[in-house]
Amino acid sequence: MSNQKLTDKLDEIDKLVAWFGGNDMDIDEALAKFDQLTALADEAKKDLGELENKISVLKQKFSE
Amino acid sequence: MENGQTPRFSVSDFLAVVNQSLEVAFGIVEIEGEVSSFKVNHQKYVFFDLKDDSGSVACFMSVWQLRTQIEDGMRVVVRAAPKVTPWGKFSLTVQEIKPVGEGSIKRAQELLRQKLDKEGLFSVERKRLLPRIPGHIGVVSSVEAAGYKDFIKLLGERWGGLTVDVANVQVQGDSSPAQIVRAIEYFNSAKQPPEVIVIIRGGGAADDLAAFNDEAVVRAIATSRIPTLVGVGHETDETLSDLAADVRASTPSHAAQIIAPDRREVLSALDTKVDRVIGEVSARRASLENDVVASVELALSRIDSKLGLLKNRYFSAEAVMRQLDPRAVLRRGYAIVRTDNKPMSIVVEGDLIAIETDKYNIEAEVKDVQPKINR
C-alpha cells in the first residue's frame, strides 16, 4: 500500500461526501454510495494506522 | 655569486625571485582588515584596498570568486597570495573573501538581499504551491544534525507511505554551499525527481547559517524546477534561502507539519464526514417517509370523502327504494289483488282472486264488476 493509493482513497471519500451534499438524492443510490463510503473510510483508517515512511540516504556524495 | 657581492638582477628576474620568496615564505595567507576603494572593472575584475589603522594593501580578484557582497567600510577576511605585479606593485591576489563581525556579515547579507530582490528572485509571483501530500520527497540536510532527526521523526508520526530520499550534505562550513547546490541540482536532474525538495537545518549562530545566505545556494533554490521548502534555524532566523523558497518553514519541525497532515486529524475528520453523511441520509429518508405518509393520508382522505358521497347516495336510494317497496304500500293499508290466468282488467263475476294485505293472504270470488267513473 502506498501513499498514492491512500491519497486516492481520501480523494474518493471527499467526492462521495460532496455527492451527499446535493439536494435531491435518490435514496437507493444514496444507500449504495454510503456503503462505498464506509468501506473506503475503513480502508483509509487501516492505511493511516499501518503505513510507514521509507527513508533512504542517497549513496551519492556531494563533497568535492 | 661570490661571497660579499651584492646580487644583481634584471627587473624581471628580481620580480620573479621576490614572488618565489613570497610564495615560499607565505604561500596562502589570511588577512583581516577594512575594505576601501572597492570597485569592479569591466564586470570582471575586482579591486579594493584592505586597510587597518596604520597600513593598507591592494587586493585583486575575479568577479566570479566574489561569493558575497562587499562595500567600503566592511570588515573582511581575505584568503590570498601576496604577489608583486610586473609593474612592481605589491598586492594580494584574493581567492576568497568573507565578511567578519556581525555588522559586516549583516551588511553583506543586506546588500545581497537587495541585489537578488531587484532581480526578482524573492517575488511572490514566483512562489509555487507545494503538492498536497507529496508521495516522494527530497531532503537536503545533514543526517547528523538534530534538525534532520526532528524532521524525520515528526514526519513519521504525522503520515506514512512517503518515499524520502536524503542528500547528506554539510549544512555549515566553507564547503557547505557547494554541497547544497550540488544536492539541489542532483534532485532536479534525477530520472524520477521528487515532488518537493525540503532543505533543513536546526538553529545556530549567524555564522552557522551563513551557507543559507550564500548567493549560489539562494540562486539554486530560486531556480529549482522542483518546488522548494526551506526550514532553517529557529523561528526568528530568516535567511535569504527562506526568501527564495516557494514555502518557508520556521524550523525543521514546522517543515514536517507543512509537508504532511496529521494522521490523527485526518482520522477524526473521516469520522466527522461519515457521521455527517449518516445525518444527511437519515434526514432524506425521514423526508421521504413523511412524503409517503402524507401521500397515503391524502389518498385515504379522498377515499373517505368518496365513501361519504357513496353512502349518502346509497341511503338516499334506499329511502326511495323503501318508498317504492310494495310491502310499504301494504303497510299503509292497501292490498295486492291477483288473478290466476288473466289480467285484472278483464275479471268477471265468479272469477277467483287472491288478495294479499300486509298481514293476510285472502282467497275470494268476484261477486260483481262495475267500471270506475274517473273524476
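Please set out the packing of aromatic side chains residue by residue, giving values where relevant.
Evaluation of the coordinates by the stated rule reveals eight aromatic pairs over all chains. Seen from their ring centres, W19 of chain A and F20 of chain A are 5.0 Å apart, and the 90 degrees between their planes marks the pair as edge-to-face. Taking relative accessible area as the criterion, W19 of chain A reaches 27% and is therefore assigned partly exposed. Taking relative accessible area as the criterion, F20 of chain A reaches 1% and is therefore assigned buried. The interplanar angle of 70 degrees and the centroid separation of 5.8 Å between the aromatic rings of Y186 of chain B and F187 of chain B together place this pair among those described as edge-to-face. The structure contains a cluster of three or more aromatic residues connected by ring pairs, namely F62 of chain A together with Y186 and F187 of chain B. The ring centre of W19 of chain A lies 5.3 Å from the NZ or CZ of K33 of chain A, which sits over that ring.

Could you give me a rundown of empty space enclosed by the protein, with the residues and numbers involved?
All names here are of chain B. In the structure shown here, the tally under the stated rule is one cavity of 30 Å³ or more. Looking at the largest cavity, its volume works out to about 40 Å³. Together, R126, K127, R128, I221, A222, A244, A245 and D246 line the largest cavity.

Tell me about the interface of chain B and chain A, and name the residues and values.
Chain B puts 40 residues into the contact, and the matching count from chain A is 34 residues. Around 3200 Å² of area is buried between chain B and chain A when both sides are counted, 65% of it from carbon and sulfur atoms. On the surface where chain B and chain A come into contact, there are three salt bridges. With its nearest N and O atoms 2.7 Å apart, the salt bridge here joins R132 of chain B to D11 of chain A. Summed over the shared surface of chain B and chain A, the result is 16 residue pairs in polar contact (both at pLDDT 80 or more). Those elements giving two or more residues to the side of chain B that touches chain A turn out to be α3 (146-158), β7 (163-168), α4 (176-188) and α8 (263-324) of chain B. With 15 residues, the top contributor of residues to the side of chain B that touches chain A is α8 of chain B. Tallied by class, the residues present in the side of chain B that touches chain A amount to 23 nonpolar, seven polar and 10 charged. As defined by bridge partners, strand β1 (residues 54-57) of chain A adjoins β7 of chain B across four bridges and the pair is classed as parallel. Within β7 of chain B, the residue paired with I55 of chain A across the bridge is V164 of chain B.

Describe the sheet that holds strand β3 (residues 56-62) of chain B, and please don't skip the residues or the numbers.
Residue and element names in this part refer to chain B. One closed barrel accounts for five strands, arranged β1-β2-β3-β5-β4; its pairing is mixed. On average, adjacent strands in this sheet sit at an angle of 50 degrees to one another, irrespective of strand direction. Pairing analysis gives seven bridges linking strand β2 (residues 45-51) to β3, with the strands arranged antiparallel. In the strand pairing of β3, D49 is matched with A58. The strands touched by helix α1 (residues 11-25) are β4 (75-84) and β5 (90-99); relative to β4, the strand with the most contacts, the crossing angle is about 135 degrees.

Please provide a residue-by-residue account of the side chain of N213 of chain B, values included.
All names here are of chain B. On the secondary structure map, N213 appears in the loop between β8 (196-201) and α5 (215-222). Polar contacts involving the side chain of N213 include one to the main-chain amide nitrogen of L240, which spans 2.8 Å. Excluding anything up to four places from it in sequence, N213 contacts Q109, L112, V218, T239 and L240.

Reading guide: rules and limits
- Residues numbered from 1 in each chain as written.
- Chains lettered and ligands numbered in written order.
- Predicted model: local features only at pLDDT ≥ 70, side-chain atom pairs only at ≥ 80, totals over all residues.
- Heavy atoms only, no water.
- Phe/Tyr/Trp six-rings, centres within 6.5 Å; stacked < 30°, edge-to-face > 60°.
- Buried < 20%, exposed > 50% of the residue type's maximum accessible area, 1.4 Å probe, protein only.
- Lys NZ or Arg CZ within 6 Å of the ring centre and 35° of its normal.
- 1 Å grid on protein atoms, 1.4 Å probe; cavity = no way out; pocket = protein on both sides within 12 Å on 5 of 7 lines; lining within 4 Å.
- Points joined across faces, edges and corners; volume = space filled by probe spheres on them.
- Contact = heavy atoms within 4.5 Å.
- Buried area = accessible area lost by both parts, 1.4 Å probe.
- Salt bridge = Lys/Arg side-chain N within 4 Å of Asp/Glu carboxyl O.
- Polar contact = N/O pair within 3.5 Å; in protein donor to acceptor, adjacent residues only side chain to side chain.
- Helix = DSSP H or I, 4+ residues; strand = E, 2+ residues; numbered from the N terminus.
- Nonpolar A, V, L, I, M, F, W, Y, C, P; charged D, E, K, R; others polar.
- Pairing = 2+ DSSP bridges.
- Axes fitted to C-alpha atoms, helices over the stretch in contact; angles between N-to-C directions.

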